[in-house]
Amino acid sequence: MKAFRFGLTLGLVVLSGAVLAMPSFLVTFKSTYKVPKDSALDKASCAACHIGKSIKLNPYGLDLKKVLQDTKTMKMTAEILKKVEDMDSDKDGVKNGEEIKKGTLPGDPKSK
Ligand SMILES: [Ca+2]
C-alpha cells in the first residue's frame with residue numbers, strides 16, 4: 001500500500017511537472033530573444049512552438065523537443081534554443097534564428 005501511494009504521488013508530480021514545463025519554456029524563449037513587439041511571433045505566444053492552443057508541437061517545437069531528448073534534459077535553456085537556430089524547421093527557406101529576429105513564426109511555413 002505504501003509503495004502504491006509513493007508511485008501515485010510520483011506519477012502526479014511527474015505529470016504536473018510536464019504541464020508546468022510549457023509556460024517556463026516560453027519564459028526562457030522570451031528572455032533569450034528580443035522578439036519584435038507586436039510581431040506575429042510576439043502575438044503567437046505558446047503558438048511559437050505549439051499548434052494553436054493545443055499541446056501538439058509544430059515543426060519548430062518538434063525540433064526543440066528532439067534537442068531536449070538528445071541532451072537528456074527537460075529544462076529549456078538559451079543553449080538548447082540556439083541549437084536549432086541554424087535549422088529551417090518549417091522548411092520555408094528562412095532559418096529559425098532569422099525568423100525569430102524578424103518576428104515571424106519558425107514553425108509555420110506561411111509565416112516568413
Ligand atoms: Ca516560417
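Residues numbered from 1 in each chain as written. Predicted model: local features only at pLDDT ≥ 70, side-chain atom pairs only at ≥ 80, totals over all residues. Heavy atoms only, no water.

Enquirer: Pulling in residues and values, what's your account of the coordination of the calcium ion?
Expert: Coordination of the calcium ion by the protein comes from D90 (OD), D92 (OD), E99 (OE), E99 (OE), L105 (O), D108 (O) and S111 (O), over a distance range of 2.2 to 2.6 Å. Positions of the donor residues of the calcium ion along the chain correspond to the pattern D-x1-D-x6-E-x5-L-x2-D-x2-S. On the basis of relative accessibility, which here comes to 22%, the residue D108 falls in the partly exposed class. (Donors = N, O, S within 2.8 Å, 3.2 Å for Na, K, Ca; no water. Buried < 20%, exposed > 50% of the residue type's maximum accessible area, 1.4 Å probe, protein only.)

Enquirer: Explain the environment of P109 to me, and be specific about the residues and the numbers.
Expert: Looking at where P109 falls in the secondary structure, it is placed in the segment after α5 (96-102). Separated by 18 residues in sequence, P109 and K91 have C-alpha atoms that sit 6.5 Å apart. When sequence neighbours within four positions are dropped, the list of residues in contact with P109 reads D90 and D92. (Helix = DSSP H or I, 4+ residues; strand = E, 2+ residues; numbered from the N terminus. Contact = heavy atoms within 4.5 Å.)

Enquirer: Please provide a residue-by-residue account of the packing of aromatic side chains, values included.
Expert: Following the criterion strictly, the structure yields two aromatic pairs and no others. Their ring planes at 75° and their centres at 6.4 Å tell us that F29 and Y60 sit as a pair that is edge-to-face. Here Y60 lies in helix α3 (residues 59-70) and F29 lies in helix α1 (residues 2-32), a separation of 31 residues in the sequence. Across the pair, exposure class does not vary: F29 and Y60 are buried alike. (Phe/Tyr/Trp six-rings, centres within 6.5 Å; stacked < 30°, edge-to-face > 60°.)

Enquirer: Tell me about the nonpolar core, residues and numbers included.
Expert: Ranked by size, the top nonpolar core spans 17 residues in total, and within it F29, Y33, L41, Y60, L64 and L81 carry the most contacts. Among the elements that make up this core, the one with the highest residue count is α3 (four residues). (Core = buried A, V, L, I, M, F, W, Y, C linked by side-chain atoms within 4.5 Å.)

Enquirer: Describe the side chain of S111, and please don't skip the residues or the numbers.
Expert: Structurally, S111 can be placed in the segment after α5. At 2.9 Å, the side chain of S111 forms a polar contact with the backbone nitrogen of L105. Ignoring sequence-local partners within four residues, the contact set of S111 consists of D90, D92, E99, T104 and L105. (Polar contact = N/O pair within 3.5 Å; in protein donor to acceptor, adjacent residues only side chain to side chain.)

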